[in-house]
Structure formats: C-alpha cells, structure tokens
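Architecture and fold: a report
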Amino acid sequence: MSELVSYQVAFDVHYYDSFAIVGFVLFENELSSDPYKIGQIRYDSVEPYISGQFYKRELPCLLKAIEEIKEQINLIYIDANVWLGYDRKGLGKYLFDSINHRIPIIGVSKSCFNKETELIRPVLRQSSKNPLYVSSIGIELDDACQKVKIMNGEFRLPKMIKLADSVCRNTVVS
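Residues numbered from 1 in each chain as written. Predicted model: local features only at pLDDT ≥ 70, side-chain atom pairs only at ≥ 80, totals over all residues. Heavy atoms only, no water.

What the protein contains, in helices and strands, is four helices and nine strands. Secondary structure elements of the protein, listed N to C terminal, follow the sequence β-β-β-α-β-β-β-α-β-β-β-α-α. A compact globule built from 174 residues would reach a C-alpha radius of gyration of about 16 Å, and the protein, at 15 Å, matches this within 12%. Taking the principal axes of the C-alpha coordinates as reference, the protein spans close to 45 × 40 × 30 Å. Residues counted as buried form 49% of the 174 residues belonging to the protein. Taking the contacts inside the protein whose residues are at least 6 apart along the sequence as the reference set, 62% of them involve residues at least 24 apart. Just so you have it, the protein exposes about 9400 Å², and 47% of that area is on carbon and sulfur atoms. Placing the 21 positive and 22 negative side-chain charges of the protein at their respective mean positions leaves the two points 4 Å apart. (Helix = DSSP H or I, 4+ residues; strand = E, 2+ residues; numbered from the N terminus. Rg over C-alpha atoms; globule rule 2.2 N^0.38 Å. Buried < 20%, exposed > 50% of the residue type's maximum accessible area, 1.4 Å probe, protein only. Contact = heavy atoms within 4.5 Å. Areas by Shrake-Rupley, 256 points an atom, 1.4 Å probe, with all protein chains shown as cover. Lys, Arg positive; Asp, Glu negative; His and termini not counted. Charge placed at Lys NZ, Arg CZ, Asp CG, Glu CD.)

What follows covers the pairing of strand E9 (residues 132–137). Across the six residues that make up E9, a large majority, six, are buried. Where strand E7 (residues 105–109) lies against E9, five bridges are found, and the strand directions are antiparallel. Bridged to Ile106 within E9 is Ser136. Here strand E8 (residues 121–123) runs beside E9; their pairing, made up of three bridges, is antiparallel. Counted as the bridge partner of Pro122 is Tyr133 from E9. (Pairing = 2+ DSSP bridges.)

Moving on, we get to the nonpolar core. By size, the foremost hydrophobic cluster in this structure holds 30 residues, and its most contacted members are Phe11, Ile76, Leu95 and Ile105. Going through the elements one at a time, strand E1 (6–15), strand E2 (19–27), helix H1 (54–68), strand E4 (72–78) and helix H2 (91–98) are the ones with two or more residues in this core. Residues contacting Leu95, with those up to four places away along its chain left out, are Leu59, Leu62, Leu63, Ile66, Ile76, Ile78 and Ile105. If you look at the next biggest cluster of nonpolar residues, it comprises 20 residues, including Ala10, Leu132, Ile139 and Ala144. (Core = buried A, V, L, I, M, F, W, Y, C linked by side-chain atoms within 4.5 Å.)

Okay, the sheet that holds E7 next. Taken together, seven strands build an open sheet; the order of strands is E3-E2-E1-E4-E7-E9-E8 and the sheet is mixed. The strands lining the two open edges of the sheet, one partner per strand, are strand E3 (37–44) and E8. Going across the sheet, the axis of each strand differs from the next one's by a mean of 30°, ignoring polarity. Pairing between E4 and E7: three bridges, direction parallel. Bridge pairing in E7 links Tyr77 to Ile106. On the sheet, H1 packs against E1, E2, E3 and E4 and is oriented at approximately 135° with respect to E1. The sheet contacts of helix H3 (residues 141–150) involve E1, E4, E7, E8 and E9, and relative to E9 the element is tilted by about 135°. (Axes fitted to C-alpha atoms, helices over the stretch in contact; angles between N-to-C directions.)

The next thing to look at is H2. Side chains of residues three or four places apart in an α-helix project in the same direction, reflecting 3.6 residues per turn. Every buried residue of H2 is listed here: Leu91, Gly92, Lys93, Leu95 and Phe96. Contacts made by the buried residues of H2 are with H1, E4, strand E5 (83–85), strand E6 (88–89), E7 and E9. Asn100 occupies a position one or two residues after H2 and carries a positive phi of about 55°.

This is the structure we're talking about:
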C-alpha cells in the first residue's frame with residue numbers, strides 16, 4: 001500500500017479589473033529547491049477592496065484554489081497576516097476557520113501591521129537587514145518562524161513564496 005504524498009503550498013493573489021489570479025506553488029518541504037507543481041486559478045466576481053476587511057476580498061479566491069488543487073496539502077503559506085492583534089483576525093485566521101482547521105497556515109508579510117503583539121514575529125533570512133513578519137495558526141509560532149528562516153532561497157523572500165507572487169502576476173489564464 002503506497003503512502004499518500006502531501007505538499008506544502010504557497011499562495012499569492014493578483015487583482016485585475018474584474019477578476020483575480022491565484023498563483024500557487026506546491027512543494028515537498030521548506031528545504032525544497034524545486035516546486036512539485038506551479039499553477040494559476042482564476043476567480044471572477046472579486047469583491048472590492050475595503051480597508052480593514054482585506055479578507056473579504058482574498059478569502060474566496062484562496063478557498064477556490066484550495067478546492068481546485070487535487071493534491072493533498074499539509075501546510076499553507078500566505079502573503080498576509082494570520083493575526084492582526086490579540087483579538088483581531090487576519091486573513092490567515094479567517095482561512096483557517098473556513099477550512100475547518102484542517103491545514104496549518106503560516107502568514108509571511110514584508111511589513112508589520114502590529115508590532116505590539118507577540119503573535120507576529122520578525123524573522124531575518126540570509127544576509128537581509130529587513131525582516132519578514134511571520135504569524136501562524138495550527139502550528140507553533142516558533143516552528144513557523146524556523147520553517148520560514150530555513151526555506152530555500154538566498155534572499156529575504158523564500159524562493160517558493162516569491163515564485164507564487166510571480167505566477168499570479170505573469171501569465172493571465174482565461
């Protein structure tokens with residue numbers, strides 16, 4: 001009997017006038033140098049951006065992508081915060097609740113929304129002088145930070161997360 005293979009996934013979303021493209025990169029683990037699979041998913045009927053309610057715009061896009069990916073996912077990386085503060089949910093917490101707490105989520109952000117919470121931690125990678133800001137749910141924050149710190153890639157932004165950003169911005173699927 002063969003063992004079910006599962007993957008980590010990095011997501012990013014880019015918005016156009018009337019639709020969004022979710023870029024995704026599936027990979028074996030944080031040390032992976034090559035993706036297992038790269039793809040795009042188009043989401044129509046995108047909600048308008050509302051300050052303080054970013055999750056309402058991005059959450060449906062991510063849920064559609066998770067639904068359409070056929071491979072088993074064991075960890076999700078998003079380009080957003082899991083938490084905005086102690087009693088303030090970020091996109092990652094809304095996503096975690098929406099998938100019934102099945103898959104741990106690590107939020108990786110280039111800027112810090114709230115430096116006054118211990119739920120978001122700066123992580124320096126490689127020789128970068130600028131930290132990434134990591135938050136998590138379903139996985140201990142120390143473990144999430146360590147995964148981001150050792151992820152493949154020689155620059156501030158890990159290779160698979162950067163690739164997801166490129167995938168959602170480049171080719172437009174119909």
